[in-house]
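# A look at the structure
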Amino acid sequence: MQEKYMRKCIELALKAEGQTSPNPLVGCVITDEFDNVISTGYHKKYGENHAEREALQNLKPGEGYTLYVNLEPCSHYGKTPPCTELIIEKGIKHVVIGMKDPNPLVSGIEVLKKSGIEVTTGILESECRKLNEVFIKNIEQEKTFVAIKTATTLDGKISTSNGSSKWITSEKARDQVKIIRNRYDAIMTSSSTIIADNPVMLHRKKIILDRELKTNLNSKIYEQGQIYVFNEYKDSITDNITFIKTPVKENKISLEHVFNRLYELGIMSVLIESGGKLSGRALKYADKIYQFIAPKITGDNSSKSCFDYTEISNISECTNYKIDTINNFEPDILLTYYPI
Ligand code: AOF
Ligand code: ZN
């Protein structure tokens with residue numbers, strides 16, 4: 001039963017995907033003593049009520065209620081008062097928690113226990129941690145979460161040698177990309193991708209790496225969203241475009257500087273959608289990779305590879321990853337994997 005309701009909390013929390021940054025995704029379920037769900041809530045948007053408050057605010061205090069929540073309830077005054085106060089006030093008997101809050105300001109478990117409430121922790125913990133992997137990295141490392149998305153043939157190619165790439169994956173897979181994009185505060189691409197494909201890439205915030213300021217400002221990507229262009233030459237702002245002068249290493253914009261700057265700008269997560277050069281270079285910073293694979297083979301060694309950044313002589317020098325999920329977007333698949 002505990003897992004069933006925790007799964008429901010995760011489902012509720014996911015309704016606000018893309019809306020809560022820099023805060024976590026949180027869902028809450030309340031049951032009565034007969035295990036009937038009597039209220040639910042989720043954190044809808046940054047700055048608004050926490051999930052627990054949403055679920056509790058219209059509930060009459062009762063006896064024998066259990067509250068399920070995927071993240072330890074807060075016990076501090078932030079933008080909103082502590083959820084622990086409301087939990088105690090409404091007479092909740094048992095609180096079931098998915099994961100401890102990595103936020104050092106929060107010590108909800110202790111506060112609840114002290115007030116005599118039974119507390120159970122660690123229910124579906126790994127699912128709960130995955131749900132808030134961005135929030136956890138932000139709080140624990142004070143760094144932006146970096147994800148990479150690529151779409152390849154079975155032989156790991158993203159285009160022919162002359163750049164023809166439309167389309168490797170099916171429409172179903174490309175629709176899923178839009179859902180994935182929405183999870184991240186910003187998307188990132190390179191001048192080469194803009195020049196080769198002139199993509200629209202609809203998003204709230206877009207990061208463009210254009211060292212030499214080669215891209216035409218009439219390119220479709222500039223038509224919408226708040227845009228940051230990392231380049232070697234200038235710092236300036238015009239309309240929706242912020243140019244950011246960035247240190248260069250070996251003729252390339254320093255990704256280290258870019259990611260640090262993104263965090264300073266409050267961009268808590270970024271999805272890189274680009275060619276093999278940027279994706280390859282970004283791999284060492286990547287927290288997660290989405291790879292769509294279409295059942296096609298180019299068979300051509302000069303076709304472009306999805307990660308193109310190094311030369312190795314021994315297969316033991318490969319970087320290793322852990323595949324997390326495999327999803328079907330027929331006829332393609334999506335592999336989601338993490339660095340080990
Ligand atoms: C949320 N939503 O449902 C829960 C959160 O500034 P505040 O008051 O919004 O507090 C933000 C912190 O509260 C957040 O970093 C996290 O540690 C905790 N729990 N936050 O935005 C929620 N339960
Ligand atoms: Zn709270």
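This report concerns the structure included in the present document. Quick caveat, the model's predicted, so the values are computed rather than measured. (Residues numbered from 1 in each chain as written. Chains lettered and ligands numbered in written order. Predicted model: local features only at pLDDT ≥ 70, side-chain atom pairs only at ≥ 80, totals over all residues.)

## Digging into the environment of Glu-118
Here is the rule: Working definition: helices are DSSP H or I runs of at least four residues, strands are E runs of at least two. Numbering for both runs from the N terminus. Partly exposed residues are those whose C-beta has more than 12 but fewer than 20 other C-beta atoms within 10 Å; with 20 or more the residue is buried, with 12 or fewer it is exposed, and the C-beta atoms are placed from the backbone. Here contacts are defined at the residue level, using C-beta atoms placed from the backbone and a cut-off of 7 Å between them.
Looking at the secondary structure, you find Glu-118 in strand β5 (residues 118-120). In this structure Glu-118 comes out as exposed when scored by C-beta crowding, with 12 C-beta atoms within 10 Å. Between the alpha carbons of Glu-118 and Ser-170 there is a distance of 50 Å; along the sequence they are 52 residues apart. For Glu-118, the contacting residues outside a window of four places in its chain are Lys-93 and His-94.

## Here we look at the environment of Leu-71
As for its placement among the helices and strands, Leu-71 is situated in strand β3 (residues 66-71). Each C-alpha atom, one on Leu-71 and one on Ile-10, is 9.9 Å from the other, the two residues being 61 residues apart in sequence. Aside from chain neighbours lying at most four places away, what touches Leu-71 is Pro-24, Val-26, Gly-98, Met-99, Asp-101, Cys-128 and Asn-132.

## Digging into the sheet that holds strand β1 (residues 27-31)
Rules: At least two DSSP bridges between two strands are needed for those strands to be called paired. To obtain each axis, a line is fitted to C-alpha atoms, and for helices this fit is confined to the stretch in contact; angles are then taken between N-to-C directions over 0 to 180 degrees.
Taken in spatial order, the 5 strands of this open sheet run β2-β1-β3-β4-β5, and their pairing is mixed. At either end of the open sheet lies a strand with only one pairing partner, and these are β2 (37-42) and β5. The average undirected angle you get between the axes of adjacent strands in this sheet is 15 degrees. Bridge count for β1 against β3 is 4 bridges, and the pairing is antiparallel. From the neighbouring strand, Val-29 faces β3, where its bridge partner is Tyr-68. Across the face of the sheet, helix α1 (residues 2-14) comes into contact with β1, β2, β3, β4 (94-99) and β5 while running at roughly 140 degrees to β1.

## Section: the site of ligand 1
For the record, the criterion: All residues are tested the same way: a C-beta atom is placed from the backbone, and lying within 6 Å of a molecule or strand makes the residue near it. Throughout, the ten residues Ala, Val, Leu, Ile, Met, Phe, Trp, Tyr, Cys and Pro are labelled nonpolar, Asp, Glu, Lys and Arg are labelled charged, and all others, Gly among them, are labelled polar.
Around ligand 1 sit 14 residues, and of these Asn-23, Val-26, His-50, Gly-78 and Asn-103 come closest. For the shell around ligand 1, the class distribution of residues is 6 nonpolar, 6 polar and 2 charged.

## What to know about helix α9 (residues 255-264)
Definition in use: The arc in question is formed by the directions pointing from the helix axis toward the C-beta atoms.
When we look at burial in α9, the residues that qualify are Leu-255, Val-258 and Leu-262. Looking straight down α9, one finds its buried side chains confined to an arc of 55 degrees; they lie on one side. One or two positions beyond α9, positive phi appears at Gly-266, with a value near 80 degrees.

## Re the sheet that holds strand β8 (residues 186-190)
Pairing is mixed in the open sheet, where 10 strands are placed in the order β11-β12-β10-β9-β8-β15-β6-β16-β19-β18. Of all strands in the sheet, those bounded by a partner on one side alone are β11 (236-238) and β18 (321-329). When the angles between neighbouring strand axes are averaged without regard to direction, this sheet yields 20 degrees. With 4 bridges joining them, β8 and strand β9 (residues 205-209) adopt parallel strand pairing. Residue Ile-187 lies in a different strand from β9, and its bridge partner there is Lys-206.

## Considering unusual backbone geometry
In this model, Lys-166 is joined to Trp-167 through a cis peptide bond whose omega is -10 degrees. Along the chain, Trp-167 falls in the loop between β7 (157-159) and α7 (171-182). Here the bond from Glu-330 into Pro-331 is cis, since omega is 5 degrees, no more than 30 degrees from zero. Locating Pro-331 in the fold gives a position in the loop between β18 and β19 (332-339). A positive phi angle, close to 70 degrees, is found at Asp-35, a residue other than glycine. In this fold, Asp-35 is placed in the loop between β1 and β2. Of note, Asn-251 is a non-glycine position whose phi angle comes to about 65 degrees, a positive value. On the secondary structure map, Asn-251 appears in the loop between β13 (248-249) and β14 (252-253).

## What about helix α6 (residues 133-141)?
For α6, the set of buried residues is Val-134, Phe-135 and Asn-138. All buried residues of α6 lie within an arc of 100 degrees about the axis, which places them on one face of the element. Exposed residues pointing more than 90 degrees away from the buried face of α6 are listed as Glu-140 and Gln-141. The inward-facing, buried residues of α6 abut β6 (145-152) and β15 (269-273). One or two positions beyond α6, positive phi appears at Glu-142, with a value near 50 degrees.

## Focus on the pairing of β2
By the bridge criterion, 5 bridges tie β1 to β2 in an arrangement that is antiparallel. If you follow Ile-30 over to β2, its bridge partner there is Ser-39. Linkage of β1 to β2, two consecutive antiparallel strands, is achieved through a turn of 5 residues, within which Asp-35 is found at a positive phi near 70 degrees.

## A look at the nonpolar core
Definition in use: Take the buried Ala, Val, Leu, Ile, Met, Phe, Trp, Tyr and Cys residues, join any whose C-beta atoms are within 7 Å, and the set you get is a nonpolar core.
Ranked by internal contacts, the top residues of the largest apolar core, which has 42 residues, are Ala-147, Ala-186, Ile-207, Ile-208, Phe-230, Val-270 and Ile-272. When residues in this core are grouped by element, the largest group, 5 residues, is from β6. Residues in contact with Ala-186, not counting those within four places in the same chain, are His-203, Lys-205, Lys-206, Ile-207, Ile-267 and Val-270.

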